[in-house]
Amino acid sequence: MILEGSVRLPFRYAAGTTASTFLEALRDEGRLLGSRCPACGTVLCPPRLDCRCGERATELVEVGPAGTLVSWTELPGRGAYGLVRPDGADTAFVHRLLDAPESLRGGMRVHARFAEERSGGIADLAGFEVAS
Amino acid sequence: MSVAVAGVGESGPALDDPRSIPEIVLEAVEEALQEARLGFDSVDAVVTASVDLLDGLTASNIAVTEVVGAVLKPETRIAADGLVAAIHGSCLVRAGAYETVLVVAHGKASLGPYWELTSWALDPIFLQPLGLDFLACAGLQARALAEDDAAAEQRWARIAAERRRAAAAHGVAPACTAEDVLASPAVASPLRRESCAPLADGATAIVLRAAGPAEPGVHLGGVGFDLSPHALGERELTEWDGLRRAWARALAVHGTRPTLDVAEPSCVFAYEEDLFRHALELDPGTEVSPGGGLFAGFVPVAAGLSRLAAVVRALRGPGGLRAGVAHGTWGPAGQGQAVAILEAA
Ligand SMILES: [Zn+2]
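An account of the accompanying structure is given in this report. (Residues numbered from 1 in each chain as written. Chains lettered and ligands numbered in written order. Predicted model: local features only at pLDDT ≥ 70, side-chain atom pairs only at ≥ 80, totals over all residues. Heavy atoms only, no water.)

## Details of the coordination of the zinc ion
Residue and element names in this part refer to chain A.
- Of the protein atoms, only C37 (SG), C40 (SG), C51 (SG) and C53 (SG) coordinate the zinc ion, at distances of 2.3 Å.
- Positions of the donor residues of the zinc ion along the chain correspond to the pattern C-x2-C-x10-C-x1-C. You can see C37 sitting in the loop between β1 (32-36) and β2 (43-44) and its partner C53 sitting in the loop between β2 and β3 (59-63), a full 16 residues away along the chain.
- A residue is classified by how much of its surface remains accessible, and C37, at 0% relative accessible area, is buried.
- With a relative accessible area of 41%, C53 lands in the partly exposed category. (Donors = N, O, S within 2.8 Å, 3.2 Å for Na, K, Ca; no water. Helix = DSSP H or I, 4+ residues; strand = E, 2+ residues; numbered from the N terminus. Buried < 20%, exposed > 50% of the residue type's maximum accessible area, 1.4 Å probe, protein only.)

Structure representation (structure tokens):
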């Protein structure tokens, strides 16, 4: 016998002070921020307080909005995702790719497109499109 | 002191097993104890591996406490791949804390939409809102490898077909050809439906016992594990460098570099075999997944422990094999890596 069930649990995720600053700049100014580690110089995007070298990456710097496509994938009915390293950052992050997958190629230049209506959250960045 | 694998038991892999998780687990535990010629009263401690998210309830180990004989006993639960549970169990024995430790892992993919569920194991601020899951993460990793390797997709199709052929007799999916793999629909390009191991239900149990180094049987030797950063963009995506580190630790514990007759990697996707071979600098003479590996059926969480069981069976077989390696992985695109050396004494 199979019994159907489901779990729906609402949560209030605290983004944290560093990510909140990133999300505020994204929402209010349409800018991408990274965190720079004063000890090793690494720029993390999205910004994190904890640098891998053990120091705190406390300095926030603007990165992008252009960047490099590191990798990408397409899922049927779900669109394409890309791993993008914004200019000025040492790390890449995953977001949506807005172009047809046939045109995509690792190493190509892409550009952030910000959502027209922004309400707080990573979706305020609509995704990346191939730089023209 | 050495750690012997005194018994192994498995249930599955099976497609949509109608039994409950405790029933599936019980079958594996009974078989392992029977092989070890031991009863529950001889088990000093239990290490289980399970993941709440995949079982649809919290404290998923509580559901199996009775069937693993952990009532009134020290039980540790690992929320990672089952091979990590075996590693922790071996540490308990090696430390002299317990003589006999039962290690059990289970997974029941038919419980829910597995890949969809993995979305909940991703960062809730930056990744979950995008609808990302482990399948998409694997697609990103595979693409990073294929982009500079025109032959990659053909090679992966041949690997998948070879594993499926080897697994057809005992697995949950029929044999298929490399052409079938390449003709199957993309699920997360460049990954195709048939280049992914089929999901299944099952459980694996092993009994670890303190033993003298020369005591006949299969011994669990060097072990190691490692975690990479969660974010794909903070890793070198074209490598499993976490596995390289885990392997270096296993070799350091082992003391020597054994000649591996057999390797049982936890490869859910054919491309992962490239990463595995590369990380271990595998000798061409090592036979990889002679029974098709996870292409016989990918049981989440139990996968790595089932690979250990497969190596034990190979070393006990008539082939005179001396040493093998079992591998487990968990998290997105191989974030967690575990590896264990097994030797016939
Ligand atoms: Zn630093």
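## A few points about the interface of chain B and chain A
- Residue-level contacts link 28 residues of chain B with 28 residues of chain A.
- Taken together, the two surfaces of chain B and chain A that pack against each other cover about 2400 Å², and 62% of this comes from carbon and sulfur.
- Remark: the boundary between chain B and chain A carries three salt bridges.
- A salt bridge links E147(B) to R105(A), with the shortest nitrogen-to-oxygen separation between them at 3.2 Å. (Contact = heavy atoms within 4.5 Å. Buried area = accessible area lost by both parts, 1.4 Å probe. Salt bridge = Lys/Arg side-chain N within 4 Å of Asp/Glu carboxyl O.)

## Here we look at helix α1 (residues 21-36) of chain B
All names here are of chain B.
- Here α1 contains 16 residues, and its C-alpha end-to-end distance of 23 Å stays within 8% of the 22 Å for a straight helix at 1.5 Å per residue.
- Looking at α1, one finds that the buried residues are I21, I24, V25, A28, V29, A32, L33 and A36. With its buried residues spanning 160° around the axis, α1 presents them on a single face.
- Elements that come into contact with the buried residues of α1 comprise β1 (2-14), α2 (52-55), β4 (100-108) and β7 (201-211).
- R37 sits one or two positions beyond α1 and adopts a positive phi of about 55°. (Expected span 1.5 Å × (residues − 1). Arc of directions from axis to C-beta.)

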